[in-house]
Amino acid sequence: PRNGAFVLRAELLSFDADPGDDDTPLPGSVRHLADGALWVEHGRIRAVGDYARLAPQLPEGIEIIDHRGKLIMPGFIDSHVHYVQLDIMASFGRQLLDWLNDYTFPEECRFAAREHADAIAEAFLEELLRVGTTSAQVFGSSHPGSIDAFFAASQRRGLRMLAGKVLMDRHAPEALTDDTLGGIRDSERLIADWHGKGRLGYSVTPRFAPTSTRAQLDAAGGLLRSDPSLWLQTHLAENTGEIAWVAELFPESQDYLHVYEQSGLVGPRSTFAHGIHLDDNMRTRLAERGANIAFCPSSNMFLGSGLFDRRAAREAGLGVSVASDIGAGTDLSGLATLKAAYQVGQLRGQALTAWQGFYALTLGNAKALSLEGNIGRLAEGMEADFVVLDTSATPLLARRTARCETLAERLFALMMLGDDRAIAETWANGRCQHRRDEG
Ligand code: GUN
Ligand code: ZN
């Protein structure tokens, strides 16, 4: 079924609110239908309900896709990822600043060529869909063509995506360094061409404080003030060497976050990746502005950056999204990201429940990105982005889930043992865009 109407019959799981951190989700937060119907029309969800209740209301002859035995959730969302780093995943043995110089910057130089950007954008979206991710907030390189390529590829698939060209006017190779205001003009051109077009949105993207002058950060803030519908993405307090460098470069700022505050970059549509080394004062300031931290557990372990304190962030009222952060992240998969988040949580004495994990991947991330009016739930009027999961996709998963007595146990097994083989299908914009090969 392409654009018409159809119904999927399956087990359905979706969140209406944050389930909280306890073993039992807060009342009213989880919607679970053992035999549900998801009625899709023109790329949107027309209705959701128990199959038996909805069946009499369905138009005669409507196609019914029988996925009984499978579990449908909203498409997964990745709040922070670098598409231009796909090919340097798993580059050995460095922490942040050396990793950037040795692997990342040389790789990003390749995106000067539009054909290269087109090819990697395609490959990246294929990989995202393979793991059930239907929306992401994405860094390009500093070349505007990297974002033209990414948005064009997303537009062809009808995906809801946020992205921006990196702003960087110092401390990077010449070939990647913007002219201070030239980078802003390039961003403005990309905004005019792509922001609000179809399902695309623009995130103003200063890489991080060390690679932008104050003048460029201020100009980025000016851009945000000129249009409150823009997003902002950057990095914050990931690594101790980085933090010491920021203190040297911005002696007039009280702390790392203050550098961004002074340029007007901290607001409800701002995502700060990592935020590992924050104090309560910075957490509170971020929370008061409605910003969110993208927790990137596989990246944080890969670069040896540290163990994110999720509980402290939540207690400060600070929104926490979850993200792969590839190429420092080791896996694009949302399931793998949750597994890593659980492991980081264990090392901090704050185990992540499956409820909290799957909430974060769906409605939680949608809210963090101010996209909850469009995506993140299986509910009437939402855009039809969803993932069809097979919780017995592998012999091991089948053995393990056969023993599960509760939904919580099954979801936890999926989060710890699942990988791309558990993603039977990925649907976006009302059509099936990935189907796992059988055999
Ligand atoms: N800080 C500045 N740039 C980057 C990047 O590309 N990846 C990560 N993990 N941290 C950064
Ligand atoms: Zn990053």
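Residues numbered from 1 in each chain as written. Chains lettered and ligands numbered in written order. Predicted model: local features only at pLDDT ≥ 70, side-chain atom pairs only at ≥ 80, totals over all residues.

### Some points on the overall build of the protein
Stated precisely, the cut-off is as follows: Secondary structure elements follow DSSP: runs of H or I of four or more residues count as helices, runs of E of two or more count as strands, with numbering from the N terminus. Computation of the radius of gyration draws on C-alpha atoms, with the globule rule given as 2.2 Å multiplied by the number of residues to the power 0.38. The exposure label follows from counting other C-beta atoms within 10 Å of a residue's C-beta, where the C-beta atoms are placed from the backbone and the thresholds are 20 or more for buried and 12 or fewer for exposed, leaving partly exposed in between. By definition, residue pairs are in contact when their C-beta atoms, positioned from the backbone, come within 7 Å.
A tally of regular secondary structure across the protein gives 15 helices and 16 strands. Rg of the C-alpha trace for the protein: 21 Å, near the compact-globule value of 22 Å for 439 residues, within the 12% margin. Seen along its three principal axes, the alpha-carbon backbone of the protein occupies a region of about 65 × 45 × 40 Å. Counting only residues that meet the buried cut, the protein has 54% of its 439 residues in that class. Considering only contacts within the protein whose residues lie at least 6 apart along the sequence, 74% involve residues at least 24 apart.

### A closer look at the environment of Leu307
In this fold, Leu307 is placed in the loop between helix H10 (297-302) and helix H11 (310-315). Note: C-alpha distance between Leu307 and Phe295 (twelve residues apart in sequence) is 9.8 Å. Ignoring sequence-local partners within four residues, the contact set of Leu307 consists of Val344, Leu347 and Arg348.

### Describing the sheet that holds strand S3 (residues 44-50)
Note the following rule: Pairing between strands is defined by DSSP: at least two bridges between the two strands are required. Helix axes are fitted only over the stretch in contact, all axes being lines through C-alpha atoms; the angle between N-to-C directions runs from 0 to 180 degrees.
Spatial strand order, S3-S2-S1-S4-S14-S15-S16: seven strands in an open sheet with mixed pairing. Edge positions in the sheet fall to S3 and strand S16 (431-435), since each has one partner strand and no second. Pairwise comparison of adjacent strand axes, ignoring direction, gives a mean angle of 35° for this sheet. In terms of strand pairing, strand S14 (residues 386-389) meets strand S15 (residues 423-428) through four bridges, oriented antiparallel. For Leu389, the partnering residue across the bridge sits in S15 and is Ile423.

### Overview of the pairing of strand S6 (residues 133-139)
Worth spelling out the cut-off: For the handedness criterion, the strands are oriented away from the viewer, and a crossover whose path from the first strand over the helix to the second runs clockwise is classed as right-handed.
Of all seven residues making up S6, seven are buried, and the element is well covered by its neighbours. By the bridge criterion, five bridges tie S6 to strand S7 (residues 160-164) in an arrangement that is parallel. When the bridges of S7 are listed, Phe139 appears paired with Gly164. Handedness of the S6-helix H4 (residues 144-157)-S7 crossover: right-handed.

### Digging into the site of ligand 1
Definition in use: In this text, near has one meaning. A residue is near a molecule or strand if its C-beta atom, placed using the backbone, is within 6 Å of it. Residues are grouped as follows: Ala, Val, Leu, Ile, Met, Phe, Trp, Tyr, Cys and Pro are nonpolar; Asp, Glu, Lys and Arg are charged; all remaining types, including Gly, are polar.
Every residue lining ligand 1 is accounted for by His82, Leu96, Leu100, Thr104, Arg207, Phe208, His235, Glu238, Ser299, Asp325 and Ala328. For the shell around ligand 1, the leading source of residues is helix H2 (residues 96-109), giving three residues. Residue composition of the shell around ligand 1, grouped by class: four nonpolar, four polar and three charged.

### What to know about unusual backbone geometry
When glycine is set aside, most residues are seen to have a negative phi, and most peptide bonds are trans. The omega torsion across Ile326 and Gly327 is 5°, close enough to zero to call that bond cis. One non-glycine residue, Asp325, adopts positive backbone phi at about 50°. Positionally, Asp325 belongs in the loop between strand S13 (319-322) and helix H12 (334-347).

### As for the domain arrangement of the protein
How big an interface is tends to be expressed through the accessible area that disappears when the partners come together. Note the cut-off: Segmentation into domains, and thus their bounds, comes from an automatic or database assignment.
Each domain of the protein was delimited in the assignment, giving domain 1 (5-75 + 376-435) and domain 2 (76-368). Put simply, the middle of domain 1 and the middle of domain 2, counted by C-alpha atoms, are 29 Å apart. Of the residues lining the interface, 31 residues belong to domain 1; the matching set on domain 2 comes to 31 residues. Counted by class, the side of domain 1 that touches domain 2 contains 16 nonpolar, seven polar and eight charged residues.

### Focus: the confidence of the model for the protein
What counts is decided by this rule: Across the chain, each position has a pLDDT score giving the predictor's confidence in that residue, from 0 to 100.
Considering every residue of the protein, the mean pLDDT works out to 97; 99% of them sit at 70 or more. Confidence, read as mean pLDDT per element, is least for helix H14 (residues 395-402) in the protein (95) and greatest for S7 (99).

### Looking at helix H13 (residues 354-368)
So the rule is basically this: Two axes enter the bend calculation: one fitted to the seven residues ending at the residue in question, the other to the seven starting there, and the bend is the angle between them.
Of all the bends in H13, the largest measures some 55° and sits at Ala360. Ser370 sits one or two positions beyond H13 and adopts a positive phi of about 55°.

### Things to note about H2
Residues separated by three or four positions in an α-helix point in the same direction, a consequence of the helix having 3.6 residues per turn. Condition: A helix is expected to reach a length of 1.5 Å times the quantity of its residues less one.
Helix length check: H2 (14 residues) gives 18 Å between terminal C-alpha atoms against 20 Å at 1.5 Å per residue, within 8%. Residue Tyr103 marks the point of greatest curvature in H2, where the axis turns by about 35°; the proline Pro106 follows within four residues. Within H2 the residues assigned to the buried category are Leu96, Trp99, Leu100, Thr104 and Glu108. Taken together, the buried residues of H2 touch helix H7 (240-249).

### Thoughts on the pairing of strand S10 (residues 231-236)
The two faces of a sheet get side chains in turn, since along a regular strand they alternate between them. In terms of burial, S10 is largely enclosed, as six of its six residues are buried. Neither face of S10 is open: one carries Trp231, Gln233 and His235, the other Leu232, Thr234 and Leu236, and all of them are buried. With two bridges connecting them, strand S9 (residues 200-206) and S10 associate as parallel partners. Among the inter-strand pairings, Val204 is bridged to a residue of S10, identified as Leu232. Following the chain from S9 across helix H6 (residues 214-226) to the adjacent parallel S10, one finds a crossover that is right-handed. By the bridge criterion, five bridges tie S10 to strand S11 (residues 270-274) in an arrangement that is parallel. Its bridge partner being in S11, Thr234 is matched across the sheet by Phe272.

### Considerations on the UniProt feature "domain: Amidohydrolase-related" (unreviewed entry) in the protein
We count it as follows: UniProt positions are given in the numbering used here, feature names are shortened, and annotations may be inferred rather than shown by experiment.
Mapped onto this structure's residue numbering, the UniProt feature "domain: Amidohydrolase-related" (unreviewed entry) falls at residues 72-431. Its end C-alpha atoms 14 Å apart, residues 72-431 is made of 44% helix and 17% strand.

### Things to note about the packing of helix H3 (residues 114-130) against H4
Put simply, the test is: The cut-offs work like this: below 35 degrees is roughly parallel, past 145 is roughly antiparallel, 65 to 115 is roughly perpendicular, and the gaps in between are oblique. Working rule for handedness: look at the near helix, and if it is turned counterclockwise from the far one by less than a right angle, call the crossing left-handed; if clockwise, right-handed.
Between H3 and H4, the shortest axis-to-axis distance is 8 Å and the interhelical angle comes to 40°. Considered as vectors, H3 and H4 are oriented oblique to each other. Where H3 crosses over H4, the handedness of that crossing is right-handed. Contacts from Arg114, Ala117, Asp118, Ala121, Glu122 and Leu125 in H3 reach Gly145, Ser146, Ala149, Phe150, Ala153, Ser154 and Arg157 in H4. Grouping the constituent residues of the contact of H3 with H4 by class yields six nonpolar, three polar and four charged.

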